[in-house]
Amino acid sequence: MLGKLMPREGKFFDFFNEHAEQILQGAIELNAFMNDIDNIETHVRNVETIEKRADKITHQTVALLHKTFITPLDRDEIHQLISKMDDILDMMEDVAQSMFLYDVHHVTPEAKKLSEICVGCAEKVKAAVALLSNMENSDAILKNCADIDKLEAEADHVMRSAMAKLFRDKDIEPRELIKLKAIYEMLEAVTDRCEDVANIIEGIVVENA
């Protein structure tokens, strides 16, 4: 009874929404990167800046968690969600930095397609997170999570097809093959991280709806 009378900290949902916006901005920047490879250094810096903003939000969320007596969601759920959301941007940053370090000068249609799917996943993550403060939105939240699952499956299919094409290309240089294989895998991993977030959100809905 006492717990119901105590004020609940709603700032967590603000942090989730702010972080989700950074995820979407990171995905958009990564997609722009894939279509503007000549300005590689600018895009890498932009992705790094977005990742740092998201990192700050993550730290603020964890700090608030330590100071808050009654939380709107289970404490472990809050920590898992913000941590897994942060993993998405960490992976995006890995893609951007690897493109620069590997000195990639040509982006394949498959890599561009994967980056587009990353944007779609980020949009759905943002949409699901935006609804999370009200469990009356449970059906809509779960629909967004299901859409993320579908996009992750699509990314997996694109990556497998890209890999097959890569290894069947008899004219490709070994170094180029290694570079592209790594980029494909990291781009697909971005969608995996989005699916991880969707799974946590689904669990939150089941526990709280």
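About the criteria used
- Residues numbered from 1 in each chain as written.
- Predicted model: local features only at pLDDT ≥ 70, side-chain atom pairs only at ≥ 80, totals over all residues.
- Heavy atoms only, no water.
- Salt bridge = Lys/Arg side-chain N within 4 Å of Asp/Glu carboxyl O.
- Helix = DSSP H or I, 4+ residues; strand = E, 2+ residues; numbered from the N terminus.
- pLDDT = per-residue confidence, 0-100.
- Contact = heavy atoms within 4.5 Å.
- Phe/Tyr/Trp six-rings, centres within 6.5 Å; stacked < 30°, edge-to-face > 60°.
- Buried < 20%, exposed > 50% of the residue type's maximum accessible area, 1.4 Å probe, protein only.
- Disulfide = S-S within 2.5 Å.
- Core = buried A, V, L, I, M, F, W, Y, C linked by side-chain atoms within 4.5 Å.

**Details of the pattern of salt bridges**
Counted by the stated rule, this structure contains seven salt bridges. With a shortest N-O distance of 3.2 Å, Lys-124 and Asp-147 are connected by a salt bridge. Here the residue Lys-124 occupies a position in helix H5 (residues 109-130), and Asp-147 occupies one in helix H6 (residues 138-168), the gap between them amounting to 23 residues. Taking the shortest distance from any N to any O, the salt bridge between Glu-185 and Lys-181 comes out at 2.7 Å. Taken as a pair, Glu-185 and Lys-181 lie in helix H7 (residues 174-208) at a separation of four residues, close to a single helical turn.

**Thoughts on the confidence of the model for the protein chain**
With 95% of its residues at a pLDDT of at least 70, the protein chain reaches an overall mean of 93. Low pLDDT, under 50, characterises residues 1-7; the stretch is placed with four contacts to residues that sit more than four places away or in other chains.

**A short note on the packing of aromatic side chains**
Scanning all chains against the criterion turns up one aromatic pair. Between Phe-13 and Phe-16, the ring centres sit 6.1 Å apart and the planes meet at 75°, which makes this aromatic pair edge-to-face. Taken together, the residues Phe-13 and Phe-16, both in helix H2 (residues 11-34) and three residues apart, mark about one turn of the helix. Residue Phe-16 is classed as buried on the basis of its relative accessible area, which comes to 0%.

**With respect to the state of the cysteines**
Summed over all chains, the structure comprises zero disulfides. No disulfide involves Cys-121; its nearest neighbouring cysteine sulfur is the one of Cys-194, lying 4.7 Å away. Judged by its relative accessible area of 0%, Cys-121 is buried.

**Observations concerning the nonpolar core**
If you look at the biggest cluster of nonpolar residues, it comprises 73 residues, and the most contacted ones within it are Phe-16, Leu-81, Met-99, Tyr-184, Leu-187 and Ile-201. Every element with two or more residues in this core is listed here: H2, helix H3 (40-67), helix H4 (75-101), H5, H6 and H7. It is H7 that provides the largest number of residues to this core, a total of 16 residues. Once residues within four sequence positions are removed from consideration, Leu-81 is found in contact with Phe-16, Leu-132, Val-197, Ile-200, Ile-201 and Ile-204.

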